[in-house]
Amino acid sequence: MTKWNVEKHIFEHQHSKFYQCDLKDVDQPNLYKTIFPYEEVSKIEFDDKIMSMEPAEDIFITDTTFRDGQQSRPPFTVEQILNLWKMLNKLSGKSGIIRQSEFFLYTDKDREALDRCLEMNFRYPEITGWIRAKKEDIPLVQNAGLRETGILTSVSDYHIFLKLGLTRKTALDAYLGIVKSILDAGIIPRCHFEDITRADVYGFCVPFAIELMKLREESGIDIKIRLCDTLGNGISYPQAALPRSVPKMVRAFIDDAGVPGHLLEWHGHNDFHKAHINSATAWLYGCSGANGTLLGLGERTGNTAIEGLIMEYIGLRGNESEIDTTVITEIAHYCEREIGIKIPDDMPFIGSDFNVTRAGVHVDGLIKNEAIYNIFNTEKILNRPVLIEITDKSGKAGIAQWINIRLGLKGEDGISKRHPGISKIYKWVTGEYESGRITSISHEEMEKKLKKFLPELFMSDMEKIKHNASQAAMKVVEETVEHPEMKTMKAEMQEPIMQQVIDENPSIQWAYVVDIDGIKTTKNITSIADRAKYENFGVGTDYSDREWYYGPLQSGKAHVSNFYISRMTGALCITVSGPIVNDNDDIIGIFSVDIKFEEWASSVEDIAEATRLALKSEYEAKKRKDRE
């Protein structure tokens, strides 16, 4: 029958409702040995026929992370599945770009994970099942309360003859029987045409699909077909021949089997590095669904990566569905840190180095404008700022930029190239290349140097407060011990100097001096309010067992104590102490100041954390003393 195509302005041949393509039952399997010789790399055949692109009206993604993805690794825990499920929902966007996700149904853990995910009551992705083509598996889907299930229906003669020991006719009858039983149960069947790129498309696959479409019409229930490229043999080239041609495969089901594009899915594997391009090609030739897994997990070389499909979808259709692409980075971090999946450093979108620039000339370009060498705004789209790797061409500006990007420091919080720590790192980098190094500096090496020369960047809020307070006090102590009157070790001359220190630094609770033996020689110099109560406390007492005494004595430098609770005032304190030396640089005494931590802390949480550390320190000191 001929029909005028208004859009193309041509007469087109129209098949009857169900195209007459009969099953070709054969005595011997067709293994396409000229294409798949096994002892050689598979061959790519061409037939010089070009298919016109006819993209599906509605394209979407389906997920098999918890089915096929789990077949490549130790099983996820229930909590891991639940957490990944939540992230899949966030990534799916308002319109449900990730339309469905299939689950195993066979173990107690599988069912618990499924039940926990169902309790979240997400619209997308819809949870579907996966079963073997056996009637005894159907109750698993019914008991789970699922609306749809996948069924393993292998279609290549490799599977039908060599694995199942059937003929095409007996396999077709068996598959149709299980589909009818699933339809009788009111469940949507999704037939997985396993190993389709080594199958006889018109001798088995299209006739099978035609019978399924007849059952769809009779039952009034949609029947879906998943085109499974089990060994990754699919080819996207326009003139490639069946059974490997993705364009011709998709059009055969739509044009010759009468399967609507929205009932078709492409399931690709990456054996020949073609999983992603084959999935995108299936979309472009009318297949609505592209099936994949998070991170491309899957048997052997893995499946089509969902994060890649998300980017492909946006490239083809835009981001009208408001997909939160930053969730891709969240998923990658979770998989690495919580599940222990090692993601290759150079894996697109999720690898640690995917947007890292090493070449010196490229780094120079990035500093001027990151759009020069970055694929898109990775910070906005993936929450992954562009990174550089340090070389001899980076300079101090490059090092500072690396730090600011790596640690997310912006504006006034950013590190300037004039920071003393930057100069020290730059000196080390320069020394590396002067010694003959030719490789870039790794992130791990940079972080070690960063922790050494800019340790404050890695401190908690409480540690930063302690650091700032102790640095300020150390400066006071180091200046005070150089005063001539302090070097006399005469209390009457030292105490006025210490009183001036207290008056100028209200966060210091009190100051005092001990001699070389640790005996306290001065009063406690403190504020007027506390003077009468505490100034004579401890004079003549031996403090030689205190950390603030022997620390400077051993190192010859100023020392900062751990947190402790003052026995006299009950205040949370740290002590900063420094050596007093004579003209021969011999230590003759120790000058100490006690700092009230509450004067520096900005929150109750900081004080609580410091108090916990103080009590822990006291407990450990008591245990050591008891052992002695």
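Conventions we followed
Residues numbered from 1 in each chain as written. Predicted model: local features only at pLDDT ≥ 70, side-chain atom pairs only at ≥ 80, totals over all residues. Heavy atoms only, no water. Helix = DSSP H or I, 4+ residues; strand = E, 2+ residues; numbered from the N terminus. Buried < 20%, exposed > 50% of the residue type's maximum accessible area, 1.4 Å probe, protein only. Contact = heavy atoms within 4.5 Å. Areas by Shrake-Rupley, 256 points an atom, 1.4 Å probe, with all protein chains shown as cover. Core = buried A, V, L, I, M, F, W, Y, C linked by side-chain atoms within 4.5 Å. Polar contact = N/O pair within 3.5 Å; in protein donor to acceptor, adjacent residues only side chain to side chain. Phe/Tyr/Trp six-rings, centres within 6.5 Å; stacked < 30°, edge-to-face > 60°. Salt bridge = Lys/Arg side-chain N within 4 Å of Asp/Glu carboxyl O. Expected span 1.5 Å × (residues − 1). Axes fitted to C-alpha atoms, helices over the stretch in contact; angles between N-to-C directions. Parallel < 35°, antiparallel > 145°, perpendicular 65-115°, else oblique. Left-handed = near helix turned anticlockwise from the far one by under 90°. Nonpolar A, V, L, I, M, F, W, Y, C, P; charged D, E, K, R; others polar. Patch = residues over 30% accessible without salt bridge, like charges linked within 9 Å, V, L, I, M, F, W, Y side chains within 5 Å. Pairing = 2+ DSSP bridges. Right-handed = clockwise from strand over helix to strand, strands pointing away.

Another point: the overall build of the protein chain. Each helix and strand in the protein chain was counted, giving 21 helices and 18 strands. Expressed as a percentage of the 628 residues in the protein chain, the buried residues total 49%. Sequence-distant contacts in the protein chain: of pairs separated by 6 or more residues, those separated by 24 or more amount to 68%. When the accessible surface of the protein chain is split by element, carbon and sulfur atoms take 50% of a total near 30,600 Å².

As a rule of thumb, soluble globular proteins bury nonpolar side chains together. In terms of nonpolar packing, the biggest core is built from 97 residues, with Leu 84, Phe 193, Phe 208, Leu 212 and Phe 253 touching the most fellow members. The dominant element in this core, judged by the number of residues it contributes, is helix H6 (residues 201-219), at ten residues. If near-sequence neighbours (up to four positions away) are discounted, Phe 208 is found in contact with Thr 153, Val 155, Leu 172, Tyr 175, Leu 176, Cys 191 and Phe 193.

Residue Pro 125 is reached from Tyr 124 by a cis peptide bond, and omega for that bond is -10°. Looking at where Pro 125 falls in the secondary structure, it is placed in the loop between helix H2 (108-119) and strand E5 (126-131). Of the consecutive residues Leu 242 and Pro 243, the connecting peptide bond is found in the cis state with omega at 10°. Residue position: Pro 243 is located in the loop between strand E8 (224-229) and helix H7 (246-256). Positive phi outside glycine occurs at Phe 349, with the angle close to 70°. Its relative accessible area of 15% is what places Phe 349 among the buried residues. Unusually for a residue other than glycine, Met 489 sits at a positive phi of about 60°. Relative to the helices and strands, Met 489 resides in the loop between helix H17 (484-487) and helix H18 (491-504).

Next up on the list: the environment of Arg 216. Relative to the helices and strands, Arg 216 is located in helix H6. Discounting residues that sit within four places of it in the chain, Arg 216 has contacts with Ile 221, Asp 222, Ile 223, Pro 260, His 262 and Leu 263. A distance of 2.8 Å separates the side chain of Arg 216 from the side chain of Asp 222, its partner in a polar contact.

Turning our eyes to something else, we now look at the packing of aromatic side chains. Per the counting criterion, the structure on display carries 14 aromatic pairs. A ring pair is formed by Phe 66 and Phe 76, whose centres lie 6.2 Å apart and whose planes are at 80°; its orientation type is edge-to-face. Separated by ten residues along the polypeptide, Phe 66 in the loop between strand E3 (60-63) and helix H1 (78-92) and Phe 76 in the loop between E3 and H1 bring together distant segments of the chain. For the pair formed by Phe 66 and Phe 76, the shared burial category is buried. Look at Trp 85 and Phe 103: their rings are 5.7 Å apart centre to centre, the planes differ by 80°, and that puts the pair in the edge-to-face class.

It is worth spelling out the pattern of salt bridges at this point. Inspection of the entire model under this criterion finds 31 salt bridges. Lys 214 serves as the salt-bridge partner of Glu 211, at 3.3 Å between the closest nitrogen and oxygen. Taken together, the residues Glu 211 and Lys 214, both in helix H6 and three residues apart, mark about one turn of the helix. Residue classification places Glu 211 among the partly exposed residues on the basis of a relative accessible area of 28%.

Here helix H5 (residues 168-184) spans 24 Å end to end across 17 residues, near enough to the 24 Å set by a 1.5 Å rise per residue. Inspection of H5 places Arg 168, Ala 171, Leu 172, Tyr 175, Leu 176, Ile 178, Val 179, Ser 181, Ile 182 and Leu 183 among the buried residues, and these make up the whole buried set. In this structure, the buried side of H5 is in contact with E5, helix H3 (138-144), strand E6 (148-154), helix H4 (157-163), strand E7 (188-194) and H6. Positive phi appears at Gly 186, one or two residues downstream of H5, with a value of about 75°.

Here we come to the packing of H6 against H7. How two helices sit against one another is set out by the angle between their axes and by the gap between those axes. At a minimum axis separation of 10 Å, H6 and H7 run at an interaxial angle of 45°. In terms of their interaxial angle, H6 and H7 are classed as oblique. With respect to the hand of their crossing, H6 and H7 are arranged in right-handed fashion. The residues of H7 that touch H6, namely those facing Val 201, Tyr 202, Cys 205, Val 206, Ala 209 and Ile 210, are Met 249, Ala 252, Phe 253 and Asp 256. For the contact of H6 with H7, the class distribution of residues is nine nonpolar, no polar and one charged.

Let's shift gears to a nonpolar patch on the surface. Nonpolar side chains collect at one region of the surface, where Ile 44, Phe 46 and Tyr 237 lie side by side and expose about 270 Å² of accessible area between them. Its place among the elements puts Tyr 237 in the loop between E8 and H7. Among the residues examined, Tyr 237 registers a relative accessible area of 34% and is labelled partly exposed.

Okay, helix H13 (residues 395-407) next. For an α-helix, the turn length of 3.6 residues means that residues three or four places apart are oriented alike. Taking 1.5 Å per residue, 13 residues should reach 18 Å; H13 reaches 19 Å between its end C-alpha atoms and fits that length. Those residues of H13 not exposed but buried are Gly 398, Ile 399, Ala 400, Trp 402, Ile 403, Asn 404 and Ile 405. At the exit of H13 stands Gly 408, carrying a positive phi of roughly 65°.

Okay, the pairing of strand E13 (residues 508-515) next. The buried fraction of E13 amounts to eight of the eight residues, a majority that puts the element mostly inside the structure. Pairing geometry for E13 and strand E18 (residues 587-596), over seven bridges, is antiparallel. Counterpart to Ala 511 in the pairing with E18 is Val 593. Pairing between E13 and strand E14 (residues 525-526): two bridges, direction antiparallel. By the bridge assignment for E14, Trp 510 is matched with Thr 526.

The next thing to look at is the pairing of strand E4 (residues 98-103). Counting buried residues in E4 gives five out of six residues, a clear majority hidden from the surface. Pairing geometry for E3 and E4, over three bridges, is parallel. Across the sheet, residue Ile 61 finds its bridge partner in E4, namely Ile 98. A crossover connection joins E3 to the parallel E4 through H1; in handedness this β-α-β unit is right-handed.

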